[in-house]
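Okay, here's what each chain looks like letter by letter:
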Amino acid sequence: MCLSTVYVDSTGKILEVMQDVARIEAENDGYNLFDLFGARKFVQGTIKFVDLIDEHKVVLEEVAEKGIHAGLALRP
Amino acid sequence: LGDFCEAVRNTRITGANVSGSLQMKLSVCGKGGSGKSIVVSLLAHQAKARGLDVLAIDSDESNSGLFRMLGFQQQPTPLMELVGGKNSIKRKIGRSDLFSADRISIEDIPAPFVVRQNGLRLMSIGKILLSLEGCACPMGVLCRELLKKLEPDENELVIVDMEAGVEHFGRGIDENIDAIVLVVEPSMESIVLAEKIRDLSAGVRKNLHCVLNKIRSQKVSGELKKMLQAKSIEVAGIIPDDPAVFEACFKGRPIARGKAFEAADKILTRLFNPTIS
């Protein structure tokens, strides 16, 4: 499945953020995630890895040196 | 006695129901060319003849002939358009109030996406139409989410015409249906695939009902049954090689009533009453 699930790795704890993500756009210190059904979420962090074959997952992690912590910040 | 009657009224079984009323989501799968759409058409028409409200879902991204076989003049608008179609997804993603609900009733689905004719309803997930347009993954997600949320009302039967092969199992589409109908034709490829589908169905804990199609003689059905039984696959019904089916496929029109419909009625009895052998 090409559509992926996005997770945040926050100090070793993996949290699911969004399923069936169809588009990811970088914005400032994070990413806007869009799913197939019109939902949108903004997540702070940087991409740790992307697996598009087995698990279809995108894992973000916090950016400690900038003081930015991975997490959700919902925007309309 | 009043409490007892109330309890009986409130006993609604999802799937097969021995009392005569049911709410069921069936998928029909098998090898390409084994006759999935034929079986969907036969079961849909026969279920309608039994007084059930039937919704057929065309989940085949390639072939588009189901609507003709069911007797529809036109295809429904693909559900992909409800979320804006692929182009919209690529731009900024579409919108869908329908999928924001926890539960979807068939009546909730807007008219262009469900066509009604002769007592049957039909919807289509989407088709690959252009070269280089990309994969069918969004359609798989859409079908999976629709089936997850779609709750048939009493006496409503949903029949899903799956894409050929087994990718739908990998996509998780079959997790959200009540029973799987496996169509097997007399060919080694079909038998080998049946074995794989037996395991995949068990993996999602679904009852598998095997239907033999294109059967020319009792000798063929006997041999085929034996080969499948050796793989622990029990046969729930046999659809004979009916000239009416050939004619319908050749001319692109509904199947005329004949031997195949009689067989379909027996299969429905087995599906709705799995204890009958």
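Visitor: Looking at this structure, how should I read the packing of aromatic side chains?
Guide: Remark: the centre distance and the inter-plane angle together describe each pair of aromatic rings, the angle taken between the planes. Here the structure, examined in full by the defined rule, presents two aromatic pairs over all chains. Geometry around Tyr7 of chain A places Lys57 of chain A over its ring, the cationic atom sitting 5.1 Å from the centre. Residue placement shows Arg257 of chain B over the ring face of Phe261 of chain B; its charged tip is 4.3 Å from the ring centre.

Visitor: Help me understand helix 8 (residues 218–229) of chain B, please; the structure alone is not making it clear to me.
Guide: Structurally, the α-helix is built with 3.6 residues per turn, so residues lying three or four positions apart point the same way. Residues and elements named next belong to chain B. Between its terminal C-alpha atoms helix 8 stretches 16 Å, which fits the 16 Å expected from twelve residues at 1.5 Å a residue. Among the residues of helix 8, Ser221, Leu224 and Leu228 are the ones counted as buried. The arc that holds the buried residues of helix 8, viewed along the axis, is 70°, so those residues lie on one side. For helix 8, the exposed residues set more than 90 degrees away from the buried face come down to Gln218, Lys219 and Lys226.

Visitor: Explain helix 5 (residues 137–149) of chain B here, please?
Guide: Between its first and last C-alpha, helix 5 of chain B extends 19 Å over 13 residues, near the 18 Å set by a 1.5 Å rise per residue. Those residues of helix 5 of chain B not exposed but buried are Cys137, Pro138, Met139, Gly140, Val141, Leu142, Cys143, Arg144, Glu145, Leu146, Leu147 and Lys149 of chain B.

Visitor: I keep staring at the pattern of salt bridges and nothing clicks. Help me out?
Guide: For side chains of opposite charge, pairing can occur when their charged atoms come near one another. Summed over all chains, the structure comprises 24 salt bridges over all chains. In this structure, Asp9 of chain A engages Lys48 of chain A in a salt bridge whose closest nitrogen and oxygen atoms are separated by 2.5 Å. Here Asp9 of chain A, found in strand 1 (residues 4–10), pairs with Lys48 of chain A, found in strand 5 (residues 46–51); they are 39 residues apart in sequence, far enough to count as distant. A salt bridge links Lys231 of chain B to Glu195 of chain B; the nearest nitrogen and oxygen atoms lie 3.2 Å apart.

Visitor: Explanation requested: the sheet that holds strand 6 (residues 179–184) of chain B in the structure shown.
Guide: By definition, the strands of a sheet pair up through backbone hydrogen bonds, in either a parallel or an antiparallel sense. Residues and elements named next belong to chain B. In space, the eight strands of this open sheet follow the order 3-4-2-5-1-6-7-8, with mixed pairing throughout. What marks the edges here is a single partner per strand, and that holds for strand 3 (115–117) and strand 8 (235–240). Each adjacent strand pair in this sheet contributes to an overall mean axis angle of 25°, direction not counted. Direction of pairing for strand 1 (residues 23–30) relative to strand 6: parallel, over a ladder of five bridges. Paired with Leu26 across the bridge in strand 6 is Ala179. Taken strand by strand, helix 2 (residues 36–49) contacts strand 1, strand 2 (53–58), strand 4 (120–124), strand 5 (156–161), strand 6, strand 7 (207–215) and strand 8, and its axis lies near 170° from that of strand 5. Contacting strand 6, strand 7 and strand 8, helix 8 crosses the sheet at an angle of about 150° to strand 7.

Visitor: What am I meant to see in the environment of Ala263 of chain B here?
Guide: Residue and element names in this part refer to chain B. Following the sequence through the fold, Ala263 ends up in helix 10 (residues 259–272). Judged by its relative accessible area of 8%, Ala263 falls in the buried class. Placed 206 residues apart in sequence, Ala263 and Ile57 show a C-alpha to C-alpha distance of 22 Å. Not counting residues within four places of it along the chain, the set of residues in contact with Ala263 comprises Ile238, Ile239 and Pro240.

Visitor: Can you walk me through the nonpolar core in this structure?
Guide: Within soluble globular proteins, side chains that are nonpolar tend to cluster in buried spots. Residues and elements named next belong to chain B. Among the nonpolar cores identified, the biggest contains 48 residues, and Ile57 and Leu228 are the most heavily contacted of them. Of all the secondary structure elements, the ones that give two or more residues to this core are strand 2, helix 5, strand 5, strand 6, helix 7 (188–203), strand 7 and helix 8. For this core, the leading source of residues is helix 5, giving seven residues. If you look at the next biggest cluster of nonpolar residues, it comprises 41 residues, including Val28, Val39, Leu52 and Val54.

Rules and cut-offs
- Each chain has its residues counted from 1, following the order in which its sequence is written.
- The naming scheme follows written order: chains are lettered A onward, ligands numbered 1 onward.
- pLDDT decides what is reported in this predicted model: residues at 70 or higher carry local features, side-chain atom pairs at 80 or more are listed and counted, and totals for whole chains, interfaces and linings draw on all residues regardless.
- Remark: hydrogens and water are excluded; side-chain values derive from all non-hydrogen atoms of the structure.
- When two rings of Phe, Tyr or Trp (its six-membered ring) have centres within 6.5 Å they constitute a pair, described as stacked for plane angles under 30 degrees, edge-to-face for angles over 60, and tilted for the intermediate range.
- Whether a charge sits over a ring comes down to the Lys NZ or Arg CZ being within 6 Å of the ring centre and within 35 degrees of the ring normal.
- Where helices and strands are cited, they refer to DSSP runs of H or I of at least four residues and of E of at least two residues respectively, numbered from the N terminus.
- Helix span is expected to be 1.5 Å times the residue number reduced by one.
- Per-residue accessibility, obtained with a 1.4 Å probe over protein chains only, is compared with the maximum for each type, and a residue is labelled buried under 20%, exposed over 50%, and partly exposed between these values.
- Comment: arc refers to directions from the helix axis out to C-beta atoms.
- Each salt bridge in this description consists of a side-chain nitrogen of Lys or Arg and a carboxyl oxygen of Asp or Glu lying within 4 Å of one another.
- Strand pairing follows a simple DSSP-based rule, namely that at least 2 bridges must link the two strands.
- Lines fitted to C-alpha atoms define the axes, with helix axes restricted to the stretch in contact, and inter-axis angles between N-to-C directions lie between 0 and 180 degrees.
- Whether two residues are in contact is decided by their heavy atoms, any of which lying within 4.5 Å being enough.
- Put simply, a nonpolar core is a bunch of buried Ala, Val, Leu, Ile, Met, Phe, Trp, Tyr and Cys residues held in one set by side-chain atoms that sit within 4.5 Å of each other.

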